[in-house]
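# Summary of structural features
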Amino acid sequence: MERWEWLIDNRIGIWQDPALGCFSEDSIRLVQFLRMKDGDTVLDFGTGNGILSLYAQGLYGGRFFGIDTDAAQIALAKRSAERNGQEIAFSFTAVEDAPEVFGYGSMSHVVMNPPYFTQGDAGRRAQARHADESQLDRWCGSAFSVLNNGGTLTLCYPAERLAALFRTLDANRLAPKRTELLLTRSRARLALVEAKKL
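Residues numbered from 1 in each chain as written. Predicted model: local features only at pLDDT ≥ 70, side-chain atom pairs only at ≥ 80, totals over all residues. Heavy atoms only, no water.

This part covers unusual backbone geometry. In this structure, aspartate 9 takes a positive phi of about 45 degrees despite not being glycine. The topology assignment puts aspartate 9 in the loop between strand S1 (3-8) and strand S2 (12-16). Here aspartate 9 falls in the exposed class, since its relative accessible area comes to 71%. (Helix = DSSP H or I, 4+ residues; strand = E, 2+ residues; numbered from the N terminus. Buried < 20%, exposed > 50% of the residue type's maximum accessible area, 1.4 Å probe, protein only.)

What follows deals with the packing of aromatic side chains. Using the criterion set out here, one finds four aromatic pairs in the structure. Pairing tryptophan 4 with tryptophan 15 gives two aromatic rings, centres 5.4 Å apart and planes at 65 degrees, and the pair type is edge-to-face. Of the two residues, tryptophan 4 is situated in strand S1 and tryptophan 15 in strand S2; the sequence distance between them amounts to eleven residues. Residue class for tryptophan 4 comes out buried when judged on its relative accessible area of 17%. Ring centres 6.2 Å apart and planes at 85 degrees place the aromatic pair phenylalanine 45 and tryptophan 139 in the edge-to-face group. Here the residue phenylalanine 45 occupies a position in strand S3 (residues 41-45), and tryptophan 139 occupies one in helix H6 (residues 133-146), the gap between them amounting to 94 residues. (Phe/Tyr/Trp six-rings, centres within 6.5 Å; stacked < 30°, edge-to-face > 60°.)

Read across the sheet, seven strands follow the order S5-S4-S3-S6-S7-S9-S8 without closing on themselves; strand pairing throughout is mixed. Two strands lie at the open edges of the sheet, namely strand S5 (88-92) and strand S8 (174-184), each paired on one side alone. The sheet shows a mean angle of 15 degrees between the axes of neighbouring strands, direction not considered. Bridge count for S3 against strand S6 (residues 107-112) is four bridges, and the pairing is parallel. Paired with leucine 43 across the bridge in S6 is valine 110. (Pairing = 2+ DSSP bridges. Axes fitted to C-alpha atoms, helices over the stretch in contact; angles between N-to-C directions.)

Okay, here's the thing in structure tokens:
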């Protein structure tokens, strides 16, 4: 059943449907890690219910675009933006198609919480959460193509696979500039990473 949840002072909220998957603290922390200013253009890869775009625009301003291939999630994101009075363009677009759709070098930022689980339950929610290394490579390649010179990619990834992430970023000419580790019981669980297009 759908539910409405406030994110920022009864000003910015989000529609969620547990059957489709709800956002986690990881998304909140990723937005708080993001460095941007009003006037920047931001493309949200795999936007889902729009949490990254909705929350980040509420905090920082900027012009946001969110893309996903789950039509039901895109519909929720659009309803949330409308209720908040936010102008965010959510569209049914594959990440790999982003450079052609939005233009090469058109964005100052790409933000993403990519699928990174390698095993788990089946179904729609699993599809949004699970991926292999080749998908990460395709997403990073699309990020490089859509970013302007000096643009930044901000993402989260499992801390134990940080070396693989850095290899993938390097292969796509994206240089890590800043990292923050999120801890669970004193163990690094998730890495927040900012990388710059070379």
